[in-house]
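The primary structure of each chain is shown beneath.
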Amino acid sequence: MKISRPRWPLLIQTLLVLAMPIFLLVADLRIVSGHWFVRWEYGKADFPPDPIGLTRAERTRLAEVCVDYLATNASLSLLEDLRLPDGEPAFNARELRHMADVQGVYNQMTIAGVVAALVLAGGTATLLASKHTRRRAPAGFLKGSLLTLGLLVAVGATMALSWGDFFTTFHRIFFEGDSWIFPYSDTLIRLFPIRFWMDVAATVVGLLVIEALVLGALGWIWMRGTGPDSQT
């Protein structure tokens, strides 16, 4: 008589696989949401200058406040009180509404990242608790890394072949209507031109590739160090 095997180890392993790309993506978005990235971008010799004349120091000051607004979940008043060198408000009402929307999306992604981290930690600990299921933990890491790389190939190809379509589709998914489209005279475009977002995407993709390869290699080595179990 065939003995049925419990399904929960496979379910947990599947959750590990699905959680890995989410966790890595959110972690890397948090990494590039820092002052260091703003300064690195503006410090590039070929980075587009402000067409209306903001200096590098002025752009850095304004952009770092925008980053702080997102990363610290600050009040919108942080941006409302921000001023250009001539004393005028840095952002108009449309820009402020968009930044509030961006913060909402950013917060939702952060929550998703935290949930994914908990799944990875809790699922790994659960699988390692029994000798009959512990091999599924490194298997989950390996397959999660492969899934991450597969998604990157698909998304990376889309970005490389048609950045404009990718950028537009991304914004249409997360924002309503054309609330994300601004004239080139608006401060947001002057601070964060398309080149900035292309560099953000390239940096995140680069980090994801490195992380997925490292975690995949560790998962493979880890699997080889664990003997076969009854659930494999």
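Use the structure listed above.
As the structure is a prediction and not an experimental result, all values here were calculated from the model.

So, the packing of helix 1 (residues 8-32) against helix 6 (residues 136-161)
Here's step 1: Following both chains from N to C, one finds helix 1 and helix 6 inclined at 40 degrees, their axes separated by 8 Å at the closest point. Between helix 1 and helix 6, the angle is such that the two are oblique. Crossing of helix 1 against helix 6: the hand is right-handed. Note on element contacts: helix 6 touches helix 1 through R136, A137, A139, G140, F141, K143, G144, S145, L147, T148 and L151, opposite P9, L10, Q13, L16, V17, L18, M20, P21 and L24.

A few points about the packing of aromatic side chains
Here's step 1: Evaluated as defined, the whole model comprises twelve aromatic pairs.
Here's step 2: Considering the side-chain rings of F37 and F196, the 5.6 Å spacing of their centres and the 85 degrees angle between planes classify their relative orientation as edge-to-face. Of the two residues, F37 is situated in helix 2 (residues 35-42) and F196 in helix 9 (residues 194-225); the sequence distance between them amounts to 159 residues. Side by side, F37 and F196 carry an identical accessibility label, which is buried.
Here's step 3: Their ring planes at 65 degrees and their centres at 5.0 Å tell us that F192 and F196 sit as a pair that is edge-to-face.
Here's step 4: Under the relative-accessibility criterion, F196 is labelled buried at 4%.
Here's step 5: Grouping aromatic residues by their ring pairs yields a cluster made of W36, F37, W40, F192, F196 and W197.

Parameters and conventions
Numbers given for residues are sequential positions, taken from 1 along each chain in its written order. Per-residue local features are limited, in this predicted model, to residues with pLDDT of at least 70; the limit for side-chain atom pairs, both in listing and counting, is 80 or more; totals at the level of whole chains, interfaces and linings are taken over all residues. Processing note: side-chain calculations cover all non-hydrogen atoms of the structure and skip hydrogens and water entirely. In this analysis an axis means a line fitted to C-alpha atoms, helices contributing only their contacting stretch, and an angle means the value between N-to-C directions, from 0 to 180 degrees. Labels follow the DSSP assignment, with helices taken as runs of H or I lasting at least four residues and strands as runs of E lasting at least two, numbered in each case from the N terminus. In this scheme, roughly parallel covers angles under 35 degrees and roughly antiparallel covers those over 145, while 65 to 115 is roughly perpendicular and the rest are oblique. Helix crossings get a hand from a simple test, with the near helix turned counterclockwise from the far one by less than a right angle marking a left-handed crossing and a clockwise turn marking a right-handed one. In what follows, a contact means two residues having at least one pair of non-hydrogen atoms within 4.5 Å. Ring pairs shown here join Phe, Tyr and Trp side chains whose ring centres sit within 6.5 Å, with only the six-membered ring taken for Trp; geometry is labelled stacked below 30 degrees between planes, edge-to-face above 60, and tilted in between. Here's how the labels work: a residue is buried when its accessible area is under 20% of the maximum for its type, exposed when over 50%, partly exposed in between, all with a 1.4 Å probe on protein chains only.

Geometric descriptors of this kind do not, in isolation, establish any biological role.
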